[in-house]
Amino acid sequence: MLSITGLSVAYGGLHALERVSLEVRAGEFVTIVGPNGAGKTTLLKAISGAVPAAAGRIEYGGRDLGRLAAAARARLGIAHVPEGRKVFPSLTVLENLEMGSYRAEARRRRAEGLDMVYALFPPLRERRGELAGTLSGGQQQMLALGRGLMARPDLLLLDEPSQGLAPRLIEAIFEAIARIREARGLTILLVEQRVVEAVELCDRAYVLETGRIVLEGGRETLLADPRVQRAYLGA
Amino acid sequence: MGGIYAVMSIGLALIFGVMRVVNFAQGDFMMLGMYLTYYLAVAYRLDPLLGALVVVPPFFVLGVLVHRALLVRVTGGGDPQRQMDAQLILTLGLSLIITNATTMVLSPMPRQIRTGYATEAFGLGPLLVNQARAYAFVMAVLLAVVVFVFLTRTDLGKALRAAADEPEAAGYQGIDVRAMHGLAFGIGVALVAAAGGLLATYHPIEPTVGVNFIVLMFVAVVLGGLGSIPGAFVGGLVIGLVQAVTLLVLPLQLQNAGVFIAFLAVLYLRPQGLFGRRLRTV
Ligand SMILES: Nc1ncnc2c1ncn2[C@@H]1O[C@H](COP(=O)(O)OP(=O)(O)OP(=O)(O)O)[C@@H](O)[C@H]1O
Ligand SMILES: [Mg+2]
């Protein structure tokens, strides 16, 4: 479904990603873990078209995304739930969700999408008329996730959905992700610093460090790897 | 007067809110709107109140074209400080060019549209309300309502606000942020031109007429809270009201003194403006 080969991204002269290659097959749940500043967010932004690639190729559904703008990629069914949530603060909760279903394929089935999101995150239904900027951090994360789901995406990109949340909320968010996946058979690419939870959930994972993929493998392989245990699992 | 100020200020606020561009040429687009309304009145005997609506489509197209030809070069991405300098120079330059070109082509001579109702008045109890101003006010409020409904009830209007809030996330929803900038600029220019058309029902028209109004637009927009549309609307109304009250107690030349005093008072008591949000706390 998503195939990246030799991707490099630079900010000014600084290389944030260097010759990264990875593969996400249809229906797969793939996680990327790595320390601060490794380039995880940059990788997701390159896929959704928010930052340009300096070199390499990103193929989605067999099609080269090349220089397609972010909006055009979203219309192809790529939904990006960004780091730091980035909900639309001066729009209501409902309007935020409506904007999630802005693309034509999703707009037609907006009512159905709203039912699904409200069932998943009941607090959003209660506060649907309120401005998104007034929600708590956890509710904003629900809204960001809900907005992403409203797009009826084929590929869902999630950037640190647990960031800044209390442990109990993190559990709820991860649980929701697992449920979404089961219900919709979505393809998911998740970026996380909470390595244990993220790797537990996924089928396969990559470890990204200073802009390069240093390790990849299935869930069991990765959890058993001594380097991962030392660096991320505190073993 | 307040209704017209409200419409022009909404135009400026929309452009600033969505694009973060301060458009110094708004006063000149208003002036051009006045001239087009004037020539429609002279050539086709079109009532300026209708002329003000007729100028909306051509000025919308003009706004979109100006955005596409000029503003895309100085918005979206790049070093923010340098972008801001470039925007300032661009819109100020545009303003100078429009003023001077109009002076050259149409001469600096002031013109006036003669309408039957410009010198008539309604009796409202003890008050006399000039008919031209009353009709212009009603039209202005109607225009503002249309814009408001567009922004809050249609997907396109909501997308415009989303692009203003979080351009990056708007892109992730499939919203073409650059197209939204063009839309905002087109609507902003069309609104200020329509406000000019309404103003032309009773105000003389000359190439430099915009300067007097751009200052009031800025005051209205800041008064209402930078970039807030309802804020700009109320800000415009407040300015019209304060001007009218000032006129009762001070000579005509000082009518804007009251506006600036009210402006300073509001900013002192409520620095974020009447409708502004405080800095975002995440
Ligand atoms: N807009 C930018 N301009 C310049 N440098 C940037 C920009 N965004 C990120 N960088 C740099 O690129 C590198 C990768 O950043 P990125 O945000 O992708 O890392 P990350 O893995 O997502 O980190 P975190 O875990 O903190 O979210 C970092 O060195 C960062 O400082
Ligand atoms: Mg990141």
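Residues numbered from 1 in each chain as written. Chains lettered and ligands numbered in written order. Predicted model: local features only at pLDDT ≥ 70, side-chain atom pairs only at ≥ 80, totals over all residues. Heavy atoms only, no water.

**Q** For this particular structure, what's the right way to read the site of ligand 1?
**A** Residues and elements named next belong to chain A. In the neighbourhood of ligand 1, 13 residues make up the surrounding shell, with K40, T41, T42, E83 and Q193 lying closest. Here an oxygen atom of ligand 1 sits 2.8 Å away from a polar atom, N or O, in the side chain of Q193. Calculation on ligand 1 without its partners gives an accessible area of 640 Å², and the protein chains cover 61% of this total. Sorting elements by how many residues they give to the shell around ligand 1 places helix α1 (residues 40-48) first, with 3 residues. (Near = heavy atom within 4 Å. Polar contact = N/O pair within 3.5 Å; in protein donor to acceptor, adjacent residues only side chain to side chain. Areas by Shrake-Rupley, 256 points an atom, 1.4 Å probe, with all protein chains shown as cover. Helix = DSSP H or I, 4+ residues; strand = E, 2+ residues; numbered from the N terminus.)

**Q** Would you take a moment to explain the pairing of strand β10 (residues 212-218) of chain A for this structure?
**A** On a regular strand, one side chain projects to one face of the sheet and the next to the other, so that they alternate. All names here are of chain A. Taken together, the 6 bridges between strand β9 (residues 204-209) and β10 define a ladder with antiparallel strand orientation. Bridge assignment links R204 to a residue of β10, and that residue is G218. What sits between the antiparallel neighbours β9 and β10 is a turn of 2 residues, in which T210 has the positive phi angle 35 degrees. (Pairing = 2+ DSSP bridges.)

**Q** Mind showing me how you'd approach the interface of chain A and chain B here?
**A** Interfaces are often sized by the amount of accessible area the parts lose when they come together. Each partner contributes to the interface: chain A provides 25 residues, whereas chain B provides 21 residues. Summed over both sides, the interface of chain A with chain B buries roughly 2,100 Å², with 57% coming from carbon and sulfur. When the area that chain A buries against chain B is broken down by residue, the three leading residues are A:F88, A:M99 and A:Y102, summing to 27%. Connecting chain A to chain B are 6 salt bridges. Note that A:E98 is salt-bridged to B:K158, the shortest N-O span being 2.5 Å. Inspection of the chain A/chain B interface yields 6 residue pairs in polar contact (both at pLDDT 80 or more). Of the residues that constitute the side of chain A that touches chain B, the class distribution is 12 nonpolar, 4 polar and 9 charged. (Contact = heavy atoms within 4.5 Å. Buried area = accessible area lost by both parts, 1.4 Å probe. Salt bridge = Lys/Arg side-chain N within 4 Å of Asp/Glu carboxyl O. Nonpolar A, V, L, I, M, F, W, Y, C, P; charged D, E, K, R; others polar.)

**Q** How should the packing of aromatic side chains be read in this particular structure?
**A** The relative placement of two aromatic rings is captured by the distance of their centres and the angle of their planes. Tallied over the full model, the rule gives 4 aromatic pairs over all chains. Here B:Y35 and B:Y39 contribute two aromatic rings whose centre-to-centre distance is 6.4 Å and whose plane-to-plane angle is 20 degrees, an arrangement assigned as stacked. Taken together, the residues B:Y35 and B:Y39, both in helix α2 (residues 26-44) and 4 residues apart, mark about one turn of the helix. With centroids separated by 5.1 Å and ring planes inclined at 80 degrees, the aromatic side chains of B:Y38 and B:Y39 adopt a geometry described as edge-to-face. You can call B:Y38 buried: its relative accessible area is 13%. The lysine or arginine in question, A:R107, covers the ring of A:Y102, its NZ or CZ lying 4.8 Å from the ring centre. A cation over a ring is seen here: A:R147 above A:F88, with NZ or CZ 4.8 Å from the ring centre. (Phe/Tyr/Trp six-rings, centres within 6.5 Å; stacked < 30°, edge-to-face > 60°. Buried < 20%, exposed > 50% of the residue type's maximum accessible area, 1.4 Å probe, protein only. Lys NZ or Arg CZ within 6 Å of the ring centre and 35° of its normal.)

**Q** How do you make sense of the nonpolar core when you look at a structure like this?
**A** It is characteristic of soluble globular proteins that their nonpolar side chains tend to be buried jointly. One finds B:I4, B:M8, B:M30, B:L160 and B:L198 to be the most contacted residues of the largest nonpolar core, which totals 83 residues. If one sorts the elements of this core by residue count, helix α9 (residues 177-199) of chain B sits on top with 14 residues. Apart from the residues within four sequence positions on either side, B:M8 is in contact with B:M30, B:V192, B:A195, B:L199, B:F213 and B:M217. Core analysis: the next-biggest nonpolar cluster, separate from the first, contains 44 residues, A:L114, A:M150, A:V199 and A:V207 among them. (Core = buried A, V, L, I, M, F, W, Y, C linked by side-chain atoms within 4.5 Å.)

**Q** Please clarify how the packing of helix α1 (residues 2-19) of chain B against helix α11 (residues 229-249) of chain B should be interpreted in this entry.
**A** The relative placement of two packed helices comes down to the angle between their axes together with the axis-to-axis distance. Residues and elements named next belong to chain B. Closest axis-to-axis distance for the α1/α11 pair is 7 Å, and the angle between their directions is 145 degrees. Judged by the sense of rotation from one axis to the other, the crossing of α1 with α11 is right-handed. When α1 is examined against α11, the residues G2, G3, Y5, A6, S9, I10, A13 and L14 are found in contact with a partner set consisting of I229, A232, F233, G236, L237, I239, G240 and Q243. Residues of the contact of α1 with α11, tallied by class, amount to 10 nonpolar, 6 polar and no charged. (Axes fitted to C-alpha atoms, helices over the stretch in contact; angles between N-to-C directions. Left-handed = near helix turned anticlockwise from the far one by under 90°.)

**Q** Just checking my understanding: could you explain the pattern of salt bridges for this structure?
**A** Side chains carrying opposite charge are able to pair once their charged atoms draw close together. Residue and element names in this part refer to chain A. Considering all chains together, one arrives at 19 salt bridges over all chains under this definition. The salt bridge partner of E28 is R25, with a shortest N-O separation of 3.6 Å. Residue R25 is classed as partly exposed on the basis of its relative accessible area, which comes to 46%. We note a salt bridge from R194 to E197, for which the minimum N-O separation is 3.0 Å. A single salt-bridge network, built from bridges that share partners, covers R25, E28, R204 and E216.

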